[in-house]
Amino acid sequence: MATLELASIVKSFDKTTILHGIDLSVKDGEFVVFVGPSGCGKSTLLRVIAGLESPTSGEIRIDGQNVNAVSAAHRGCAMVFQSYALYPHMSVYDNMAFGLENLGIETAQIESKVGAAATLLRLNELLQRKPTQLSGGQRQRVAIGRAIVREPKLFLFDEPLSNLDAELRVSMRAEIRDLHARLKATMVYVTHDQVEAMTMADKIVVLRAGKVEQVGAPLDLYNRPVNTFVAGFIGSPRMNFLPIALLPPQHPDAALIPPGTHTIGLRPEHAQIAADGPITMKVGQVEQLGSTSLLHGTVGQDTPFEMVCNGQTGITGGDTVKLGLPRQDMHCFDKDGQRI
Ligand SMILES: Nc1ncnc2c1ncn2[C@@H]1O[C@H](COP(=O)(O)OP(=O)(O)OP(=O)(O)O)[C@@H](O)[C@H]1O
Ligand SMILES: [Mg+2]
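Not measured: the values here are computed from a predicted model. (Residues numbered from 1 in each chain as written. Chains lettered and ligands numbered in written order. Predicted model: local features only at pLDDT ≥ 70, side-chain atom pairs only at ≥ 80, totals over all residues.)

K.L.:
Would you mind showing me how to read the overall build of the protein here?
P.N.:
In terms of regular secondary structure, the protein is built from eight helices and 18 strands. When each of the 340 residues of the protein is scored for burial, the buried share is 32%. A sequence separation of at least 24 residues applies to 66% of the contacts in the protein between residues at least 6 apart. (Helix = DSSP H or I, 4+ residues; strand = E, 2+ residues; numbered from the N terminus. Buried ≥ 20, exposed ≤ 12 C-beta atoms within 10 Å, placed from the backbone. Contact = placed C-beta atoms within 7 Å.)

This is the structure in structure tokens:
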């Protein structure tokens, strides 16, 4: 259990700056997810926290103590990677015990710690197997077990589920959340998958090109994204963006738009068919998913637009539909993409 503070973290490799001054505060027991596109610096930031990289400038504090000069081994962090990094020639038991043996902990204590972790992760039956005799999900649980036995103050996960198939990802997501609830540990979790971020986080940190774009609870980010980047990144299918010029100025809905609006954002699940609506959508493909239908099309000249309808629809490709713009569901952004 620990708090974590990052103050003005900058990281450059040679002349290239990757992290441009990151400030963040993580509470004791919080589950924080870093999310952002590939290459935005998520893993680098996690490695800086772990002590595997030194920041070029800035301060890392764990439990209020500056740990910049503390080595990775002594920071009390345990990291779980996407690649599991298990030793192939060692049994599950030995993979979990190895780090503790290196620290010179006595055998009885190691047995008890590994036993407790194995029970927590349902690995008791598998302790004598080698990693090659395990499924992907089981291997990932061993990697997590190896972190748990060290009783870290801070768990750091770098895309731990990306090697698993979709179904297993969903169940492991729940397992990690459950583990968090039972251990009450502080966890920092990196992913580029916004669904993982939405479902797992107490707090999401959206990163872009080495800068924090927004920090908040999942639904705060969904309901009030601060700019078009966060608006487009959080939520699936992605938010639609309409140039303001598409809205006929004489239409009653236009009076509701704040001055300075350049782009209107409307989520596919909030788009509504309305006979007197100001926007006309030309429907292209229709995906019938059973419980919902996803309509792909365009509005105006050629602006892509998607909408989700509940249930099954009689609308087919080639139809045109009128859309309303309910003010409470509209997100208005200025010419720089900032929320108004
Ligand atoms: N040791 C290094 N030397 C030079 N450049 C590096 C080094 N490590 C990372 N980078 C660069 O820093 C940037 C951020 O990399 P990082 O691995 O943190 O991204 P990421 O957000 O984790 O991406 P992904 O989602 O693909 O894992 C990339 O442009 C990468 O090429
Ligand atoms: Mg990464």
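K.L.:
Would you mind going over the site of ligand 1 with me for this structure?
P.N.:
For ligand 1, the full set of nearby residues is F13, I18, G36, S38, G39, C40, G41, K42, S43, T44 and H192. Among the elements that make up the shell around ligand 1, the one with the highest residue count is helix α1 (residues 42–50) (three residues). Residues belonging to the shell around ligand 1 are distributed by class as follows: three nonpolar, seven polar and one charged. (Near = placed C-beta within 6 Å. Nonpolar A, V, L, I, M, F, W, Y, C, P; charged D, E, K, R; others polar.)

K.L.:
Help me understand the sheet that holds strand β11 (residues 240–243) in this model?
P.N.:
In a beta sheet, neighbouring strands pair by backbone hydrogen bonds and run either parallel or antiparallel. Within the open sheet, the three strands sit side by side as β11-β12-β18. Their pairing is antiparallel. Only two strands of the sheet have a single partner each, and these edge strands are β11 and β18 (330–333). Strand-to-strand twist across the sheet, computed as the mean angle between neighbouring axes with direction ignored, equals 30°. Sheet analysis places β11 next to strand β12 (residues 263–266), joined by four bridges and oriented antiparallel. Bridge pairing in β12 places P243 opposite T263. (Pairing = 2+ DSSP bridges. Axes fitted to C-alpha atoms, helices over the stretch in contact; angles between N-to-C directions.)

K.L.:
Before we go on, may I ask you to explain the pairing of strand β17 (residues 320–324) in this structure?
P.N.:
Residues in a regular strand project their side chains so that they alternate between the two faces of the sheet. Burial of the side chains of β17 is restricted to one face: V321 and L323 are buried, whereas none of T320, K322 and G324 on the reverse face is. The pairing of strand β13 (residues 272–273) with β17 spans two bridges and is classified as antiparallel. Bridging across to β17, Q272 finds its partner in G324.

K.L.:
Looking at this structure, I do not really get the nonpolar core. What am I missing?
P.N.:
Generally speaking, nonpolar side chains in soluble globular proteins are found buried as a group. Counting residues in each nonpolar core, the largest one holds 75 residues, and the members touching the most others are V33, I49, L156 and V188. If you count residues domain by domain, this core takes at least three from each of domain 1 (4–227) and domain 2 (240–333). Contact partners of V33, with chain neighbours within four places excluded, come to Y189, T191, A197, M200, A201 and I204. (Core = buried A, V, L, I, M, F, W, Y, C linked by C-beta atoms within 7 Å. Domains from an automatic or database assignment.)

K.L.:
Is there a simple way to explain the packing of helix α2 (residues 92–102) against helix α4 (residues 136–148) in this structure?
P.N.:
For any two helices packed against each other, the geometry is given by the interaxial angle and the distance between the axes. Two elements in contact, α2 and α4, have axes separated by 8 Å at closest approach and are oriented at 30°. With respect to α4, the element α2 is oriented roughly parallel. The element α2 and its partner α4 pack so that their crossing is right-handed. Contacts between α2 and α4 involve V92, N95, M96 and G99 from the first element and V142, G145 and R146 from the second. Of the residues contributing to the contact of α2 with α4, the split by class is three nonpolar, three polar and one charged. (Parallel < 35°, antiparallel > 145°, perpendicular 65-115°, else oblique. Left-handed = near helix turned anticlockwise from the far one by under 90°.)

K.L.:
Can you walk me through the environment of G318 in this structure?
P.N.:
Within the fold, G318 resides in the loop between β16 (303–310) and β17. Expressed as a C-alpha distance, the spacing of G318 and L246, which sit 72 residues apart in the sequence, is 20 Å.

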